[in-house]
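# A closer look at the structure
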Amino acid sequence: MTPDSPAARPVGHSLTRLQRFLRLLPWLILVLTLAASALALFQAFQAKDDLFKAWVSELSFRKQVEFKNFTEPVATSLKIAREWGENRALNLQNGRAIDHYFIPTLKSLPQIHALIIANTRGEEYYLRHRGTNWYSRVRDPARHPGQIEEREWQDGGTPGPAKLVPSAYDPRQRPWFKGCLLAESRKDEIFWTAPYRFYADGRIGVTAALRWEVKQHPELKYVVAFDVLISDLLAWTSELDLGSEGRAFMISDNGRILGLPPKPGEVADKELPPVEKLKDMGFAQVLEKWQRETLSGEQVFSFKVGRRPWWAGFVPLQIGGRHLWLSVLIPERDIPQIIPYQVTFFWIPMAIFLVGSGLFLLSFFLVRRHLASLEALHRENRRLIDEEIRREAALTDPGARIRELIKAGESETLEFKATVRWNLRENRAGKEMEVAWLKGLVGFLNTDGGVLLLGVEDDGTVCGIERDNFANDDKCLRHIDSLISTHIGLEFSRYIQFAIVEVDGLKVVEIRARVSEIPAFLKKGDSEEFFIRTGPASRKLKPSQIIKYLASRQREE
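None of the values given here were measured: they were computed from a predicted structure.

### Some points on the overall build of the protein
Check the secondary structure of the protein and you find 15 helices and 23 strands. A burial count over the protein gives 44% of its 557 residues as buried. Of the roughly 29700 Å² of accessible surface on the protein, 54% is carried by carbon and sulfur atoms.

Encoded structure:
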């Protein structure tokens with residue numbers, strides 16, 4: 001490609017078109033401002049039902065985002081815990097090890113009320129933060145039939161002596177255990193219970209659970225679960241100002257009302273009231289309408305209590321395979337006080353007009369002032385095109401591309417290793433040399449991707465892979481492919497490409513890795529290690545750090 005080629009000429013034409021566009025930009029802003037102001041003014045005169053529908057939709061979006069942010073860290077931590085269980089890291093006879101794994105998780109995720117691990121033999125380990133202390137409960141029918149073992153200790157301290165307490169409690173009869181084992185979903189899908197009363201403290205909540213089994217004992221099944229308090233899910237109901245008569249609550253998919261405050265003089269129900277309680281409160285009509293259309297998604301409609309018009313909003317929220325409905329009931333006469341549309345809506349067109357007018361004047365001034373500089377930009381762009389053409393011509397040579405990478409030096413996305421497998425100090429093939437560059441490759445997969453060059457010294461000197469003594473290039477590539485499949489996993493092959501490139505007469509292996517959508521681990525025997533890139537090095541994370549790192553990546557996505 002040359003500067004005068006058809007691929008380069010459109011750049012100059014684009015700048016000319018840009019000049020014409022900039023001259024029209026202020027008037028385009030003015031036209032759009034007037035149109036937006038007129039549309040906003042028209043909307044200001046819409047009926048109260050449009051206003052309430054918009055308010056419910058906005059509330060729906062916010063709560064769906066909040067619910068996702070609330071439940072996804074629970075689900076992520078639960079899957080990691082199940083993976084630990086499958087790798088036999090969770091031993092119900094070793095409570096201290098379980099504490100070590102999960103206390104950091106319970107501290108970092110306040111929405112998790114308690115941890116439970118149980119199996120089909122009736123053994124269980126329960127862990128919860130109680131005030132400033134930690135409380136654990138162990139059930140081992142073989143050692144202590146008809147009893148549970150309780151411990152309590154201060155945060156940061158050592159568990160105190162065990163106290164045996166008579167108890168008929170059996171985790172196999174709890175809804176989270178039975179439901180998880182009987183669920184028809186795949187075993188990697190999280191089972192969420194309907195709201196129920198927790199055994200340990202009598203509080204009401206839901207439980208998320210996952211099951212697994214040990215390959216050596218397929219008849220023995222395990223369940224790991226996290227309790228989540230209903231009060232944490234219902235915090236939003238107290239944040240809404242719905243006037244003296246408005247109500248905000250939730251309805252579970254098993255027909256129970258969550259978070260409905262009693263009327264003055266009433267005593268709160270000990271159990272979650274059934275949805276039919278709405279009839280006793282005078283809301284029979286709203287109940288009938290909602291029950292007719294529970295599968296239609298978000299619902300907003302009007303109804304009457306006596307002769308007074310009311311508005312109702314129902315928003316479906318999903319937690320795993322469960323559905324909850326966010327519900328708001330407001331008297332129509334209170335809508336202007338709750339959502340002051342007269343002031344808000346009439347200020348919107350005025351604000352749009354003022355902002356648009358300001359943008360019109362600013363753009364008019366800037367366009368007149370800076371149009372002359374576009375010619376200088378044109379010349380600079382031409383120069384950059386020439387440089388890019390020269391650079392592309394140089395990089396058509398694979399060896400030149402490698403030299404450009406080496407010139408940049410090691411970084412978070414670039415690492416050099418002298419050999420594939422040969423220990424130069426001891427003059428032998430060494431597994432430790434292979435593990436050294438596999439760590440970097442796992443770090444690239446878990447961070448932002450990168451390039452690994454084998455046959456390049458740390459200082460950037462090209463030494464080649466000839467010292468690895470492979471019979472030919474094909475055997476070298478097959479060996480690398482086997483290492484990646486064995487120590488990282490065949491499922492990560494789609495993120496990794498590698499080839500042998502000749503640089504200055506020597507052979508260099510170029511391995512390119514994209515960031516993986518799933519966590520990658522380096523497998524060494526029965527152990528698995530998790531690495532990320534920090535600068536030019538690969539850093540190994542502890543289990544608690546893995547949870548936090550994956551949770552932070554999930555939030556960023």
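### Regarding the sheet that holds strand β12 (residues 299–305)
As summarised here, the arrangement of the five strands in space is β11-β10-β14-β13-β12, forming an open sheet in which the pairing is antiparallel. At either end of the open sheet lies a strand with only one pairing partner, and these are β11 (257–258) and β12. Bridge count for strand β10 (residues 247–252) against β11 is two bridges, and the pairing is antiparallel. Opposite I251, over in β11, you have I257 as the bridge partner. The sheet strands contacting helix α8 (residues 284–292) are β10, β12, β13 (308–319) and β14 (322–331), and the helix crosses β12 at an angle near 150 degrees.

### Some points on the pairing of strand β1 (residues 114–119)
Buried residues dominate β1, accounting for six of its six residues. Here β1 shows a buried face lined by A114, I116 and A118 and a second buried face lined by L115, I117 and N119. Bridge count between β1 and strand β9 (residues 217–229): six bridges; the pairing is antiparallel. Opposite I116, over in β9, you have A225 as the bridge partner. As defined by bridge partners, β1 adjoins strand β2 (residues 124–130) across five bridges and the pair is classed as antiparallel. Residue pairing in the sheet places A118 in a bridge with E124 of β2.

### Quick word on the pattern of salt bridges
Inspection of the entire model under this criterion finds 26 salt bridges. A salt bridge links E149 to R143; the shortest N-O distance between them is 3.7 Å. Given the relative accessible area of 47%, R143 is considered partly exposed. Salt-bridge contacts for K431 lead to E434; the nearest nitrogen and oxygen are separated by 3.3 Å. Taken as a pair, K431 and E434 lie in helix α13 (residues 431–446) at a separation of three residues, close to a single helical turn. Among the charged side chains, a network of salt bridges with common partners joins D140, R143, E149 and R151.

### Things to note about the sheet that holds strand β23 (residues 537–541)
Taken in spatial order, the three strands line up as β21-β22-β23 in an open sheet, and their pairing is antiparallel. Only two strands of the sheet have a single partner each, and these edge strands are β21 (522–524) and β23. Each neighbouring strand pair of the sheet contributes to a mean axis angle of 40 degrees, computed without reference to strand direction. Bridge count for β21 against strand β22 (residues 527–534) is three bridges, and the pairing is antiparallel. Paired with L522 across the two strands is E529, which belongs to β22.

Criteria and thresholds
Residues numbered from 1 in each chain as written. Predicted model: local features only at pLDDT ≥ 70, side-chain atom pairs only at ≥ 80, totals over all residues. Heavy atoms only, no water. Helix = DSSP H or I, 4+ residues; strand = E, 2+ residues; numbered from the N terminus. Buried < 20%, exposed > 50% of the residue type's maximum accessible area, 1.4 Å probe, protein only. Areas by Shrake-Rupley, 256 points an atom, 1.4 Å probe, with all protein chains shown as cover. Pairing = 2+ DSSP bridges. Contact = heavy atoms within 4.5 Å. Axes fitted to C-alpha atoms, helices over the stretch in contact; angles between N-to-C directions. Salt bridge = Lys/Arg side-chain N within 4 Å of Asp/Glu carboxyl O.

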